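Chain by chain, the residues:
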Amino acid sequence: MVRYHHLGNLWLTLATIGSLGFADPAAAQDAGRGLELMRASEKGNCSICHLVPGIGLPDEAQGNIGPSLEGVGARLTPAELRAQIVDARAMNPETIMPPYGSIKGLADVDKRYRGRPILTAGEVADIVAYLSSLR
Amino acid sequence: MKRLALAVAASLAAIAGSAPAQETPPVSGYQFLLPETQALQDDDFANPGMLWVELGGKLWDEPAGNGTSCQNCHGAPEAMRGVGTRYPQWSQTEGRVISLEQQVNQCRAERQQADPFGYSSQELVSLSALVMHQSRGLPMSVATDGPAASAYRRGKAYYETRRGQLNLACSNCHVDQVGSRLRGEPISQGQVNGFPIYRQLWQDMGSVGRMIAWCNDAVRAEPLAEGSQMAVELELYLRSLGNGLAIETPAVRR
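Residues numbered from 1 in each chain as written. Chains lettered and ligands numbered in written order. Predicted model: local features only at pLDDT ≥ 70, side-chain atom pairs only at ≥ 80, totals over all residues. Heavy atoms only, no water.

Identification of chain B as SoxAX cytochrome complex subunit A from Pseudaminobacter soli is taken from an unreviewed UniProt entry. In its Sequence similarities (unreviewed entry) section, the UniProt entry covering chain B states "Belongs to the SoxA family." UniProt, in its Subunit (unreviewed entry) section for chain B, records the words "Heterodimer of SoxA and SoxX." (UniProt positions renumbered as here; feature names shortened; annotations may be inferred.)

You'll find chain A entered in an unreviewed UniProt entry as Sulfur oxidation c-type cytochrome SoxX, with Pseudaminobacter soli given as the organism.

Pasting the structure below:
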């Protein structure tokens, strides 16, 4: 178990190095792909909790647990959006929002998903690109 | 739909304003259903769950193992009225809290000398549905004190612990977000007074254990097997949250 965590940390470290040194997620970001990721139930599945303009569902078929994302690109900077998606606990430790880009402190994760977050850094960047376009 | 949702929201708001979350009175999942789903549950001729109750009735009379049937010891199923309100309960024989399904299997092993049914088998869920159905309308009343107290505490701790890749505890949704909309559906308290239920998503009947396993899968947590001790203790806690609610078996849920 301990070894597993070390392995997870190693991957995280590699991912961090990758994003700093070799790949710039911002350079490859794609708002269209971001919307697809927000729609996908295995990925963002965002409208389960939020109203997502452009997702293609009637308002009453979208969740209202989190705030509506209408105009969110005007309210939050890309860095703030990214921080909220990656690990909303940094802003509110009691948040119900799952940490889409962090595995810190997770317990009892099924082995199919263990050791990796829901979204990669690149996927988060795509979603941030879409959200930033909502003004 | 809107009127019902508003009624639920209004009663919950009234409750929220006056008492802490733990003292929120239990509200059956029935109150969160669309009227057409309620109507399906209310009509015994249309309620798909009654098929399992009927199958349970056949199994009740069927000799097994040493030639004994449930009926030989217990008489008609109607004699079981009230029994289902108390499970899961402490078993002196087993030295632990057991579910109604496990009680049926214990009878099979000891009284009928027959092989136990698989926990998620159609036979076991049918017999469980038959017995629970006899208590329809009676208030659920599981004991959480005495020898069941430690199981109750473990069940409560499980309920309140975040888990899985989605990092969600049962309570994050079923206590903190009751009445909010998850996609198009209002979140209920997760009451289990109608179990075993006919779930439209499954197009099948399922025990509380099956529902717990489904929820764990949804938050991408380690599976909690039906019939595992932790699942039974969580069921005890869930049923205790609904103590006083009328049993609805077989309930219909989405």
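From this point, things continue past the structure.
A.B. asks: Give a detailed account of the interface of chain B and chain A, specifying residues and quantitative values.
C.D. replies: With 21 residues of chain B in contact, the opposing surface of chain A contributes 32 residues. Carbon and sulfur atoms make up 46% of the area that chain B and chain A hide from each other, which totals about 2,200 Å². Interface area lost by chain B to chain A is led by Gln165(B), Arg183(B) and Arg220(B), which between them contribute 36%. At the junction of chain B with chain A, the criterion picks out 4 salt bridges. In this structure, Arg220(B) engages Glu42(A) in a salt bridge whose closest nitrogen and oxygen atoms are separated by 3.5 Å. For the pair chain B and chain A, the number of links is 19 residue pairs in polar contact (both at pLDDT 80 or more). Every element with two or more residues in the side of chain B that touches chain A is listed here: helix H8 (170-174) and strand E3 (181-182) of chain B. Taken together, the residues that form the side of chain B that touches chain A break down as 7 nonpolar, 7 polar and 7 charged. (Contact = heavy atoms within 4.5 Å. Buried area = accessible area lost by both parts, 1.4 Å probe. Salt bridge = Lys/Arg side-chain N within 4 Å of Asp/Glu carboxyl O. Polar contact = N/O pair within 3.5 Å; in protein donor to acceptor, adjacent residues only side chain to side chain. Helix = DSSP H or I, 4+ residues; strand = E, 2+ residues; numbered from the N terminus. Nonpolar A, V, L, I, M, F, W, Y, C, P; charged D, E, K, R; others polar.)

A.B. asks: Summarise the pattern of salt bridges; cite the residues concerned and give the values.
C.D. replies: Applying the stated criterion across every chain, the model contains 17 salt bridges over all chains. In this structure, the salt-bridge partner of Asp108(A) is Arg163(B), at a minimum N-O distance of 2.4 Å. Here Arg163(B) lies in the loop between helix H7 (149-159) and H8 and Asp108(A) lies in the loop between helix H4 (78-86) and helix H5 (121-132), a pairing that spans two chains. Look at Arg163(B) and you get buried, because its relative accessible area is 5%. Linked by salt bridges that have partners in common, Asp110(A), Arg112(A) and Asp217(B) make up one network. (Buried < 20%, exposed > 50% of the residue type's maximum accessible area, 1.4 Å probe, protein only.)

A.B. asks: Hey, could you go over the UniProt feature "binding site: heme c 1" (unreviewed entry) in chain B for me, with residue numbers and the actual values?
C.D. replies: All names here are of chain B. Listed under "binding site: heme c 1" (unreviewed entry) in the UniProt record, and renumbered for this structure, are Cys70, Cys73, His74 and Cys107. Across 38 residues, the annotated set stays spatially compact, with a maximum C-alpha separation of 11.0 Å. Counting through the fold element by element, histidine 74 comes out in helix H4 (residues 70-74). Looking at where cysteine 107 falls in the secondary structure, it is placed in helix H5 (residues 100-110). Taking relative accessible area as the criterion, cysteine 107 reaches 24% and is therefore assigned partly exposed.

A.B. asks: Break down the nonpolar core for me, citing the residues and quoting the values.
C.D. replies: With 32 residues, the main nonpolar core has Trp60(B), Val97(B), Leu127(B), Met205(B) and Leu236(B) as its most contacted residues. Secondary-structure elements contributing two or more residues to this core are helix H3 (49-61), strand E2 (96-98), H5, helix H6 (122-134) and helix H10 (229-241) of chain B. Considering every element that reaches this core, the biggest residue donor is H6(B), with 7 residues. Formed jointly, this core draws a minimum of three residues from each of two domains, domain 1 (2-45 + 147-253) and domain 2 (49-134) of chain B. Ignoring anything within four residues of it in the chain, the contact list for Val97(B) reads Pro88(B), Gln89(B), Trp90(B), Gln102(B), Ala148(B), Ala151(B), Gln229(B), Val232(B) and Leu236(B). The next biggest cluster of nonpolar side chains, apart from the first, holds 26 residues, and it includes Val86(A), Met97(A), Tyr100(A) and Val124(A). (Core = buried A, V, L, I, M, F, W, Y, C linked by side-chain atoms within 4.5 Å. Domains from an automatic or database assignment.)

A.B. asks: How would you sum up the packing of H7(B) against H10(B)? Please name residues and give values.
C.D. replies: Residues and elements named next belong to chain B. As a packed pair, H7 and H10 sit with axes 7 Å apart at the nearest point and diverge in direction by 90°. Considering the angle they form, H7 stands roughly perpendicular to H10. Listed contacts from H10 to Ala151, Tyr152, Arg154, Gly155, Lys156, Tyr158 and Tyr159 of H7 are Met230, Glu233, Leu234, Leu236, Tyr237, Leu238, Ser240 and Leu241. Looking at the contact of H7 with H10 residue by residue, the class counts come to 10 nonpolar, 2 polar and 3 charged. (Axes fitted to C-alpha atoms, helices over the stretch in contact; angles between N-to-C directions. Parallel < 35°, antiparallel > 145°, perpendicular 65-115°, else oblique.)

A.B. asks: Would you mind going over the confidence of the model for chain A in detail, with residue names and values included?
C.D. replies: Residues and elements named next belong to chain A. For chain A, the average pLDDT comes to 86, and 79% of its residues sit at 70 or higher. Here helix H1 (residues 2-22) stands out as the element of chain A with the lowest mean pLDDT, 42, in contrast to H4, whose mean of 98 is the highest. Scored below 50 in pLDDT, residues 1-25 makes 8 contacts in the model with residues more than four places away or belonging to other chains. (pLDDT = per-residue confidence, 0-100.)

A.B. asks: So what's going on with empty space enclosed by the protein? Which residues, and what values?
C.D. replies: Residue and element names in this part refer to chain B. Applying the stated criterion across every chain yields a total of 1 cavity of 30 Å³ or more. Here the largest cavity defines a volume of roughly 60 Å³. Contributing to the lining of the largest cavity are 13 residues, with Glu101, Ser128, Met132, Glu235 and Arg239 lying nearest its centre. For the lining of the largest cavity, the elements supplying multiple residues, two or more each, are H5, H6 and H10. Taken together, the residues of the lining of the largest cavity sort by class into 7 nonpolar, 3 polar and 3 charged. (1 Å grid on protein atoms, 1.4 Å probe; cavity = no way out; pocket = protein on both sides within 12 Å on 5 of 7 lines; lining within 4 Å. Points joined across faces, edges and corners; volume = space filled by probe spheres on them.)

A.B. asks: Before we move on, could you go through the environment of Ser126(B) and cite the residues and values that matter?
C.D. replies: Residues and elements named next belong to chain B. By secondary structure assignment, the location of serine 126 is in helix H6. A relative accessible area of 0% means that serine 126 is categorised as buried. Separated by 79 residues in sequence, serine 126 and methionine 205 place their C-alpha atoms 8.3 Å apart. Aside from chain neighbours lying at most four places away, what touches serine 126 is Trp52, Leu55, Gly56 and Leu59.

A.B. asks: Which residues make up unusual backbone geometry, and what values go with them?
C.D. replies: Residue and element names in this part refer to chain B. Backbone torsion omega between tyrosine 87 and proline 88 reads -5°, so that peptide bond is classified as cis. By secondary structure assignment, the location of proline 88 is in the loop between H4 and strand E1 (89-91). Phi is positive for asparagine 167, close to 55°, though the residue is something other than glycine. Of note in the backbone geometry, arginine 183 takes a positive phi value of approximately 50° without being a glycine. In this structure, arginine 183 sits in the loop between E3 and strand E4 (185-186).

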